[in-house]
Amino acid sequence: MVANRKPIPTEADITRLTGHNFPGGFYTVAHWENFLLTECTGAALLPDGLVHPVALFHMPIVGAGTSIAEMFALGQAESDLSIMIESYDWEIFVALREETRFAINGSIISANRCRNEQGDLYDRIQFCFELHTPDDSLAARVTMTWHYTRNML
């Protein structure tokens, strides 16, 4: 028996997350940040101040005024180890450039209770973040789908 196990949230607690909006905000990738992110991937810096796509892992979350910790808490994650990634979908519509102030909004677009093939319970939560240029053009959309496993630890 596992001590200190958190209770499983109700299905209604999970499904009502659909439509949750994050506060929104702004994010600018500075040259130094882009350099370090690019260096971490082992790639060469992209020309003309282009931002390495790896920035799309954190830029939308921070820019939308949230955090990984808050996203874990919203889905009532049992622990930091109970999240499984289903997918990250990055749509880039215009070149993302250093020193550009992007307006970012985000929301939960779906939240469902599911069972895997073995019958284990999990909650599937899908987040969507949109980045807009200073002239309000849609620059990128990031859709992340996470599984919040239940009683599997």
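None of these values were measured; they are calculated from a predicted model.

How should I be thinking about the overall build of the protein in this particular structure?
When its secondary structure is counted, the protein shows 4 helices and 5 strands. Secondary structure elements of the protein, listed N to C terminal, follow the sequence α-β-α-α-α-β-β-β-β. Taken over the C-alpha atoms alone, the protein extends approximately 55 × 30 × 25 Å along its principal axes. Counting across all 153 residues of the protein, residues that qualify as buried make up 41%. Within the protein, counting contacts between residues at least 6 apart in sequence, those at least 24 apart form 71% of the total.

Would you mind showing me how to read a nonpolar patch on the surface here?
Nonpolar side chains collect at one region of the surface, where Trp 32, Phe 35, Leu 36 and Leu 45 lie side by side and expose about 420 Å² of accessible area between them. Residue placement: Leu 45 occurs in the loop between α2 (31-41) and α3 (59-63). Owing to a relative accessible area of 36%, Leu 45 belongs among the partly exposed residues under this scheme.

So what exactly am I meant to see when it comes to the environment of Glu 33 here?
Here Glu 33 lies in helix α2. On a C-alpha basis, the gap between Glu 33 and Ala 55 in space is 9.0 Å, while along the polypeptide they are 22 residues apart. In this structure the side chain of Glu 33 is engaged in a polar contact, spanning 2.5 Å, whose partner is the side chain of Tyr 27.

I'm lost on the nonpolar core in this one. Help?
In globular proteins that are soluble, nonpolar side chains generally tend to be buried together. Within the largest apolar cluster, 32 residues are counted, with the highest numbers of intra-cluster contacts made by Met 71 and Phe 127. Top element by residues in this core is strand β5 (residues 138-149). It accounts for 6 residues.

The rules behind the values
In this convention, every chain numbers its residues from 1, walking through the sequence in written order. It should be noted that, the model being predicted, local features are given only for residues of pLDDT at least 70 and side-chain atom pairs only at 80 or more, the latter also being counted only at that level, while totals for whole chains, interfaces and linings use all residues. In computing side-chain properties, one takes all heavy atoms of the structure into account and sets aside hydrogens as well as water. Helix numbers and strand numbers start at the N terminus; a helix is a DSSP run of H or I with at least 4 residues, a strand a run of E with at least 2. Categorising residues by exposure relies on relative accessible area from a 1.4 Å probe, with only protein chains included: less than 20% of the type maximum marks a residue as buried, more than 50% marks it as exposed, and the intermediate range marks it as partly exposed. Contacts were defined at the residue level, with two residues in contact if any of their heavy atoms lie within 4.5 Å. Residues forming no salt bridge and having over 30% relative accessible area are the ones grouped into patches, like charges within 9 Å of each other and nonpolar side chains (Val, Leu, Ile, Met, Phe, Trp, Tyr) within 5 Å. Each accessible area is a Shrake-Rupley estimate made with a 1.4 Å probe; only the visible protein chains count as cover when residues are assessed. Salt bridges, as used here, are contacts in which a Lys or Arg side-chain nitrogen is within 4 Å of a carboxyl oxygen on Asp or Glu. Residues adjacent in sequence count toward polar contacts only when both atoms are side-chain atoms; beyond that, a polar contact is any pair of N or O atoms within 3.5 Å, and within protein one must be able to donate a hydrogen and the other to accept it. Only buried Ala, Val, Leu, Ile, Met, Phe, Trp, Tyr and Cys residues count toward a nonpolar core, and they belong to the same one when joined by side-chain atoms within 4.5 Å.

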